[in-house]
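Coordinates in review
Here is how the chains run, residue by residue.
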Amino acid sequence: MNIFALICARGGSKGVHKKNIRLLAGKPLIVRTINQLNEIKEINRIIVSTDCKDIANIAIEAGADVPFMRPKNLAEDKTPEWLV
């Protein structure tokens, strides 16, 4: 069985711009999330859905897949995760 993990990480946060790549104790927040998911043996693939090239690059460096860039119309405040 293949088990995928999906991280929805848009760049346009209203509260903290690009919060997913802000450093937390020396590492970007998204890297911490990817590292935690890598600890779960049952997960075969980590996919990041993002509209931000900076987030995508950091996620790829951390070992996640970014198969495509999310279109802006699916990166709004109230976009349901099931659409991404």
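For the structure, see preceding data.
Here goes a summary of the coordinates provided. Going along each chain's sequence as written, the residues are numbered from 1 onward. Where local features are concerned, this predicted model is filtered to residues with pLDDT of at least 70; where side-chain atom pairs are given and counted, the filter is 80 or more; whole-chain, interface and lining totals use all residues. Each side-chain value is derived from all of the structure's non-hydrogen atoms; neither hydrogens nor water enter the calculation.

**A short note on the overall build of the chain**
Condition: Put simply, DSSP marks the helices as runs of H or I at least four residues long and the strands as runs of E at least two long, and each gets a number from the N terminus on. Note on method: radius of gyration uses C-alpha positions; expected globular size equals 2.2 Å times residues raised to 0.38. Here's how the labels work: a residue is buried when its accessible area is under 20% of the maximum for its type, exposed when over 50%, partly exposed in between, all with a 1.4 Å probe on protein chains only. When checking whether two residues touch, look at their non-hydrogen atoms; a contact exists if any pair is within 4.5 Å. The Shrake-Rupley method, run with a 1.4 Å probe, gives the accessible areas here. Residue values count only the displayed protein chains as cover. Residues scored as charged are limited to Lys and Arg (positive) and Asp and Glu (negative), so that His and the chain ends carry no count. Here the site of a charge means atom NZ of a Lys, CZ of an Arg, CG of an Asp or CD of a Glu.
Along its length, the chain carries two helices and four strands. Radius of gyration (C-alpha) of the chain: 13 Å, near the 12 Å computed for a compact globule of 84 residues. With the C-alpha coordinates aligned to their principal axes, the bounding extent of the chain is approximately 35 × 30 × 20 Å. Here the chain, with 84 residues, has 35% of them falling under the buried criterion. Long-range contacts, defined as pairs at least 24 residues apart, comprise 53% of the intrachain contacts of the chain with a sequence gap of at least 6. Accessible surface, the chain: about 5700 Å² in total, of which carbon and sulfur atoms supply 53%. Within the chain, one finds 13 positive and 9 negative side-chain charges whose respective centroids are separated by 5 Å.

**Quick notes on the pattern of salt bridges**
Just so we agree on the cut-off: Salt bridge, as used here, is a side-chain nitrogen of Lys or Arg placed within 4 Å of a carboxyl oxygen of Asp or Glu.
Within the structure shown, the criterion is met by two salt bridges. With a shortest N-O distance of 2.9 Å, D54 and K18 are connected by a salt bridge. Placement of D54 in helix α2 (residues 53-61) and of K18 in the loop between β1 (4-8) and β2 (23-24) is noted, with a sequence separation of 36 residues between them. The class of D54 is partly exposed, set by a relative accessible area of 37%. Owing to a relative accessible area of 22%, K18 belongs among the partly exposed residues under this scheme. A salt bridge links R45 to D65; the nearest nitrogen and oxygen atoms lie 2.8 Å apart. On the criterion of sequence distance, the pair formed by R45 in strand β4 (residues 45-49) and D65 in the segment after α2 is long-range, its members being 20 residues apart.

**Re helix α1 (residues 29-38)**
This is how it is decided: Taking the helix axis as origin, the arc is that swept by the directions to the C-beta atoms.
Among the residues of α1, I30, V31, I34 and L37 are the ones counted as buried. An end-on view of α1 places all buried positions within 125 degrees of arc, on one side of the element. Contacts from the buried residues of α1 go to β1, β3 (27-28), β4 and α2.

**With respect to α2**
Taken as a whole, α2 has its buried residues at I55, A56 and A59. Axial view of α2: buried residues confined to an arc of 100 degrees, hence all on one face. Set apart from the buried face of α2 by more than 90 degrees, the exposed residues are K53 and E61. Looking at the packing, one finds that the buried side of α2 touches α1 and β4.

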